[in-house]
Amino acid sequence: MDTVKQIRFRIQRYNPEDGAAPRLAEFVVPAPRGMTVLDGLFYIRDNLDSTLAVRSSCRMAICGSCAMLINDFPHLACHTQIAELEADTIEVRPLPNFTIIKDLVVDLTPLFEKHTTTKPYFIRSEVEEMENPTAEFLQTPEDLDAYLQFSYCIKCGLCMAACPTVATDRLFLGPQALAQCYRYCGDSRDDGANERFPTVDREHGMWGCHLAGACSEACPKGVDPALAIQLLKRLRVSRALGLGRKRRPTPLASPPTARQPKLPVPEFTVKVNGKPS
Amino acid sequence: MRDTYLWLLQLVTGAIIAVFLAVHMVMMHLDNIVGFFGGHISEPSSWSSMIDRAKEGWWLTFYIIFLALVLYHAIYGLRGIVLEVIPSGRTERVMTGMIWAVGLGAFALGVYASAHLFTR
């Protein structure tokens, strides 16, 4: 039978509408093996204090809603088991570098706004094909590997909370937006790097990154935003100096066509009106 | 585009400074180690040695280039720090103006001092 440990949760409570300063509230939660921090917060909300504000959705590290500061490190609450923290007291605070809406819920609007400025979608010259697609764009497995890791971003904001530059420079685009910029610039199907560069090629863009690496350490999906930013810098410099391989965006795959079978139809094939069914 | 070149220039100056600094350190402060390998540098930090070096065209050129590299590398880095701590368009304009003024002033002073010693 599993042992149930009594874990002390110290949770930052804050409601901007009250006008009161943030304070730490304590709750004791019975934590069986396998319980996540998010489960603990649910327990508190369901049994101890229903006014606790927590945001969550998928509970399986896919949606990125439950990002928060757990024992001074940015984590997804649903992706952090209480046992792995190896502590009897768990301190939970809202994500830093964001405005608090209430308790553990922060306003992620700046993250989405900065993300949008980098045009995180395919840009190609074939406007008609982009509006009304007729086929797929070709891509080799090697081309896929060049950006696949960076496409795993779930926009949870953990990297932004961990970044020391975001903490001091409110104009800095941040690791999430810059990594997603490279996710598209590094995609062989995309041709929009020159449209994105004016947004990111500035002091508060990619050049503001000091390569502290805190974003990559915090990312629960292994995106490694710090690597993406360095690759974005390399891409920008090589384009500016005219170095490196110049590659056109990959073409459309040929539409499927009706072909005659190369092998004769076996005798045992069921035929309808003399043709294979 | 402008920021790309400014950043790249800091990267390049940093790499060149590493080489120049190595030469400077060996000549000025590591005379014992140079002596260990059979070389001989006589009291490099003394006033007369400095004056002697200042009169050599090779050293004059070396230090003027070194000064330009260090000034750019350091002041551009300082600009980045200030813009990060006080992020605004106005800060950027003021900092860029100050950088030009301080950088050119310090470079002019260094070149003047070197040229003065060279022709002394």
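Please read these numbers as outputs of a predicted model, since none were measured by experiment. (Residues numbered from 1 in each chain as written. Chains lettered and ligands numbered in written order. Predicted model: local features only at pLDDT ≥ 70, side-chain atom pairs only at ≥ 80, totals over all residues.)

## Considerations on the overall build of chain B
Summing up its helical and strand segments, chain B has five helices and zero strands in all. Starting at the N terminus and walking to the C terminus, you meet the elements of chain B as α-α-α-α-α. Compactness check: chain B gives a C-alpha radius of gyration of 18 Å against a globular reference of 14 Å for 120 residues, more than 25% above the reference. Over its C-alpha atoms, taken along the principal directions, chain B stretches across nearly 55 × 35 × 25 Å. Within chain B, buried positions represent 4% of all 120 residues. (Helix = DSSP H or I, 4+ residues; strand = E, 2+ residues; numbered from the N terminus. Rg over C-alpha atoms; globule rule 2.2 N^0.38 Å. Buried ≥ 20, exposed ≤ 12 C-beta atoms within 10 Å, placed from the backbone.)

## Looking at the sheet that holds strand β4 (residues 73-76) of chain A
Residue and element names in this part refer to chain A. Strand order in this open sheet of five strands is β2-β1-β5-β3-β4, and the pairing throughout is mixed. Edge positions in the sheet fall to β2 (23-31) and β4, since each has one partner strand and no second. Mean inter-strand twist for the sheet, computed between neighbouring axes without regard to direction, equals 35°. In this structure, strand β3 (residues 67-70) lies alongside β4, joined through four bridges in antiparallel fashion. Bridging from a neighbouring strand, A67 pairs with L76 of β4. (Pairing = 2+ DSSP bridges. Axes fitted to C-alpha atoms, helices over the stretch in contact; angles between N-to-C directions.)

## A few points about the domain arrangement of chain A
Residue and element names in this part refer to chain A. You can read the domains of chain A as domain 1 (5-107) and domain 2 (109-241). Facing 14 residues of domain 1, the contacting portion of domain 2 comprises 13 residues. Counting only elements with at least two residues in the side of domain 1 that touches domain 2, the list comes to β3 and β4. The class makeup of the residues in the side of domain 1 that touches domain 2 is ten nonpolar, three polar and one charged. (Domains from an automatic or database assignment. Contact = placed C-beta atoms within 7 Å. Nonpolar A, V, L, I, M, F, W, Y, C, P; charged D, E, K, R; others polar.)

## Examining the pairing of strand β5 (residues 89-93) of chain A
Residues and elements named next belong to chain A. Pairing of strand β1 (residues 5-13) with β5, which is carried by four bridges, proceeds in the parallel orientation. Paired with R8 across the bridge in β5 is T89. As paired strands, β3 and β5 are joined by two bridges and run antiparallel to one another. Following the sheet pairing, L69 is matched in β5 by R93.

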